Amino acid sequence: MTEERPEEDRGSDGGLIRRDGSIAGLRFSGARGGQRARPLPVVPVLVLGGVCVCRHLRPGARAGYRGTLVYPPDVKLTEKEKTSICYLSFPDSYSGCLGDTQFSFRLRQSVGRRASRFREDVYNRDAPVTLQTEVSHFFGYVYFRQVKDVSVKRGYFQKSLVLISRLPYTHLFHSVLQIIAPEFFEKMEPCLEAVCNEIDQWPSPVPGLTLNLPVMGVVFQVRIPSKSDKPGGSPVRQTAKEDFLPAPIVLPTIHELDLFRCFQSVLIHLQMLWELMLLGEPLVVMAPSPTVSSETVLALVSSISPLKFCCDFRPYFTIHDNEFREYTTRTQAPPNVVLGVTNPFFIKTFQNWPHVVRLGEIKMAGDLPKQVKVKKLSKLKTLDTKPGIYTAYKTFLHKDKILIKRLLKGIQRKRPSEVQSAILRRHLLELTQSFIIPLERYMASLMPLQRSVTPWKTPPQIRPFSQDEFMATLDHTGPQLTSVLKGDWMGLYRKFFRSPNFDGWYRHRHKEMSQKLESLHLEVICDADLLGWTKDKSEVEIVDLILKLREKLIKARRQQLQLKDEVLNKLDDFIKSIIDSLPEDLQAVLNTH
């Protein structure tokens with residue numbers, strides 16, 4: 001299969017990013033040594049929101065991995081993407097996963113792709129920043145089965161089913177796989193063909209709406225989060241108009257993890273891990289299985305929500321990954337990335353990284369899972385390195401001992417894990433909000449006053465962000481107003497200013513404010529007496545006004561600015577009426593552009 005050409009993005013009829021959100025898949029024959037895989041027949045599949053790959057793979061006896069199914073045939077993946085998905089779809093040999101295993105990965109797409117962006121832009125406009133579609137990465141959701149089978153030469157049945165999407169809907173896609181995969185392993189292709197027909201009818205994800213998603217006799221009812229939702233709140237569910245039998249399985253979330261299970265062995269170090277994520281520090285999670293690896297990385301990245309984690313992260317990373325050399329080079333400082341690994345080989349590879357979290361199997365110490373200790377990086381040398389957090393990092397803020405006591409009391413009272421997770425999520429949310437609210441407040445002060453926006457002048461500029469000016473506001477409007485935690489908040493802000501997360505946050509907020517200014521400018525233009533202004537103006541000035549208005553309207557529609565339809569329609573009508581009042585030769589020129 002050749003490299004995809006950008007012009008082959010064919011919208012809803014095919015191509016990598018289909019407007020209706022297609023699934024891609026691959027089918028290979030076994031390849032030995034350096035031989036190239038030979039494409040075999042394929043069957044189409046569709047799924048919610050963005051590209052999705054349904055694949056069935058198995059390890060070859062002597063030749064590494066080989067795939068056997070890919071959907072649909074018109075979705076093109078590069079050789080690098082196909083190879084990476086093959087390796088990422090199986091636990092490495094050190095994990096020893098028996099039975100059914102589910103985990104996630106994140107894959108960088110090949111350079112040169114061009115997706116159809118209109119529907120993604122509409123979705124991203126209304127979705128929380130942490131749930132927006134990925135522009136340059138795919139998410140992979142894996143269901144792997146390994147069981148003893150005497151009929152197989154190697155003695156084990158080993159297969160994986162994978163969903164690939166640009167959407168970080170971890171809980172939803174893993175729930176879907178739990179329904180599809182067991183049937184697929186028994187019935188193979190006919191099962192997936194039936195699933196294709198059902199998923200093809202799924203509606204597109206619209207933030208704020210509740211969707212009913214039928215698959216294999218089950219209906220999942222999910223609500224797509226919206227950026228207008230109150231952080232940490234429980235949005236009211238819409239009542240489905242359809243009558244489903246059986247009753248829908250209501251998923252309380254499409255993306256949230258069981259935070260308590262993910263963090264149970266590092267609870268006393270949660271403050272440190274939150275700071276490391278906030279600052280975008282390089283960090284490696286060494287786990288006993290891909291499940292623990294991927295869930296821990298995703299939990300860490302989500303710990304600073306609603307702030308978007310703007311660094312790279314790989315929930316499951318192997319030595320076969322395309323970025324292996326890039327991320328393990330010793331000739332430069334480690335990149336700002338969070339990696340989840342299971343291969344003990346990485347202990348030696350990542351000795352120069354500043355933060356390494358080594359996790360073991362969960363062991364109970366009385367009522368509380370045994371907590372790992374913070375250790376010196378110099379002790380991270382041998383393959384049998386004990387669990388711990390290997391770092392020299394000193395936290396800026398003090399630990400929240402009240403939180404630890406509350407969680408411990410919950411364990412003693414056998415409080416459900418989902419309740420413990422809700423407590424953890426609320427704590428992390430309030431901590432992040434306490435940190436980010438002063439920044440939001442200061443950023444809002446940089447916005448020009450609404451009365452300074454006039455129809456006859458270019459909108460005023462947003463004032464530049466001054467770190468010193470911001471720091472001066474902290475004495476009266478700092479995080480101490482909303483957080484009980486003590487410590488060096490100012491030192492934390494200074495280091496945050498040098499992180500990719502600050503750069504990403506600032507760029508996003510500046511873009512939102514610029515679009516708000518543009519919307520305000522169009523609204524005041526719409527309310528102005530434009531016809532009266534043109535009465536004593538020359539044709540050159542009138543034509544210049546028409547061209548500038550057209551440019552602003554094109555930009556407004558392209559950026560999906562939050563404007564009422566009547567504003568755009570009124571300006572369209574004004575342009576048309578002004579053109580009709582001009583000489584015929586000018587009308588002809590303007591109407592052809």
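In every chain, residue numbers begin from 1 and rise along the written sequence. For a predicted model such as this one, the threshold for reporting local features is a pLDDT of at least 70, and the threshold for listing and counting side-chain atom pairs is 80 or more; totals across whole chains, interfaces and linings nevertheless cover every residue. Excluding hydrogens and water, the side-chain values take into account all heavy atoms of the structure.

(A) Quick peek at the pairing of strand E12 (residues 283-286). For each residue, the accessible area found with a 1.4 Å probe, counting protein chains only, is set against the maximum for its type, and the residue is called buried under 20%, exposed over 50%, and partly exposed in between. Only DSSP runs of H or I covering at least 4 residues are called helices, and only runs of E covering at least 2 are called strands; the numbering of each starts at the N terminus. With burial as the criterion, each face of E12 is covered, one bearing Leu283 and Val285 and the other bearing Val284 and Met286. Should DSSP find at least two bridges between two strands, the strands are taken to pair. The pairing of E12 with strand E14 (residues 337-341) spans four bridges and is parallel. Directly across from methionine 286, in E14, lies its bridge partner valine 341. Here three bridges tie E12 to strand E15 (residues 355-358), and the two strands are oriented parallel to one another. Opposite methionine 286, over in E15, you have arginine 358 as the bridge partner.

(B) Looking closely at the nonpolar core. We define a nonpolar core as any set of buried Ala, Val, Leu, Ile, Met, Phe, Trp, Tyr and Cys residues linked to one another through side-chain atoms lying within 4.5 Å. Formed by 99 residues in total, the largest nonpolar core has its most connected members in Phe263, Phe435, Leu439 and Phe465. With nine residues, the single largest contributor to this core is helix H11 (residues 417-445). Any pair of residues with heavy atoms lying within 4.5 Å of one another is described as a contacting pair. Setting aside residues up to four positions removed in sequence, phenylalanine 263 forms contacts with Leu270, Ala299, Leu300, Leu424 and Leu428. Formed by 24 residues, the second largest nonpolar core is a distinct cluster that contains Ala528, Leu571, Ile578 and Ile579.

(C) Region of the structure containing the sheet that holds strand E19 (residues 388-391). Spatially, the six strands line up as an open sheet ordered E13-E14-E12-E15-E19-E18, and their pairing is mixed. Both outer strands of the open sheet, strand E13 (312-314) and strand E18 (374-375), are each paired with one neighbouring strand and no more. Where E13 meets E14, three bridges bridge the pair, whose relative direction is parallel. When the bridges of E14 are listed, aspartate 312 appears paired with valine 337. To obtain an axis, a line is fitted to C-alpha atoms, over the contacting stretch when the element is a helix, and the angle between two such axes runs from 0 to 180 degrees between their N-to-C directions. Lying on the sheet, helix H7 (residues 290-302) is in contact with E12, E13 and E14; it crosses E14 at an angle near 160°.

(D) Main features of the environment of proline 128. Counting through the fold element by element, proline 128 comes out in the loop between helix H2 (118-126) and strand E7 (137-148). What proline 128 contacts, discounting residues up to four positions off in sequence, is Pro225, Ser226 and Lys227.

(E) Representation of empty space enclosed by the protein. Site definitions follow a grid-based scheme: protein atoms alone, a 1 Å grid, a 1.4 Å probe that fits but cannot get out for cavities, and for pockets an open set with protein on both sides within 12 Å along at least five of seven lines, plus lining residues having an atom within 4 Å of a point. Grid points are joined across faces, edges and corners, and a volume is the space filled by probe spheres set on the points. Taken as a whole and assessed by the stated rule, the structure comprises three cavities of 30 Å³ or more. Approximately 70 Å³ is the volume attributed to the largest cavity. In this structure, the largest cavity is lined by Leu267, Ile268, Leu270, Gln271, Lys399, Asp400, Leu403, Ile404 and His427. When its volume is computed, the second largest cavity comes out at roughly 50 Å³. Together, Cys262, Ser265, Val266, Leu273, Val285, Thr296, Leu300, Val357 and Leu359 line the second largest cavity.

(F) Geometry of the packing of helix H3 (residues 170-187) against helix H4 (residues 189-199). Viewed as axis vectors pointing N to C, H3 and H4 meet at an angle of 140°, and their least axial separation amounts to 7 Å. In terms of orientation, H3 lies oblique with respect to H4. Of the residues in H4, those in contact with Ile180, Glu183, Phe184 and Lys187 of H3 are Glu189, Pro190, Cys191, Leu192, Val195 and Ile199. Within the contact of H3 with H4, the residues separate by chemical class into seven nonpolar, no polar and three charged. Roughly parallel here means an angle under 35 degrees, roughly antiparallel means over 145, roughly perpendicular means 65 to 115, and every remaining angle is called oblique. Charged residues are taken to be Asp, Glu, Lys and Arg, nonpolar residues to be Ala, Val, Leu, Ile, Met, Phe, Trp, Tyr, Cys and Pro, and polar residues to be all remaining types, Gly included.

(G) Structural context of the packing of aromatic side chains. Planes of paired rings set the category: under 30 degrees apart is stacked, over 60 is edge-to-face and the rest tilted, where pairs are Phe, Tyr or Trp rings (Trp by its six-membered ring) whose centres lie within 6.5 Å. Scanning the entire structure with this criterion turns up 32 aromatic pairs. When the ring of phenylalanine 184 is compared with that of phenylalanine 185, the centres are 5.9 Å apart and the planes differ by 50°; the resulting orientation is tilted. Accessibility assignment for this pair places phenylalanine 184 and phenylalanine 185 in one class, buried. Aromatic ring contacts, followed pair by pair, group Trp274, Phe435, Tyr442, Phe465, Phe470, Tyr493, Phe496, Phe497, Phe502, Trp505 and Tyr506 into a single cluster. Charge-over-ring contacts are defined here by two conditions on Lys NZ or Arg CZ: a distance within 6 Å of the ring centre and an angle within 35 degrees of the ring normal. The positively charged end of arginine 106 is found above the aromatic ring belonging to phenylalanine 313, 4.2 Å away from the centroid.

(H) Inspection of the layout of surface pockets at higher detail. For the second largest pocket, the calculated volume is near 700 Å³. What lines the second largest pocket is a set of 26 residues, and nearest its centre among them are Lys457, Thr458, Pro459, His521 and Lys552. Mapped onto the lining of the second largest pocket, the elements with two or more residues apiece are helix H14 (500-527), helix H15 (530-534) and helix H16 (539-558). Looking at which element gives the most residues to the lining of the second largest pocket, the answer is H16, with eight residues. Taken together, the residues of the lining of the second largest pocket sort by class into eleven nonpolar, seven polar and eight charged.

(I) The packing of H11 against H14, seen in detail. Direction vectors running N to C along H11 and H14 enclose 35°, while the axes themselves pass 12 Å from each other. The handedness of the crossing between H11 and H14 is right-handed. On H14, the residues that touch Ile436, Leu439, Glu440 and Met443 of H11 are Trp505, Tyr506, Arg509, His510 and Met513. Here the contact of H11 with H14 is composed, by residue class, of six nonpolar, one polar and two charged. Each crossing is labelled by how the near helix is turned from the far one, with a counterclockwise turn of less than a right angle marking it left-handed and a clockwise turn marking it right-handed.

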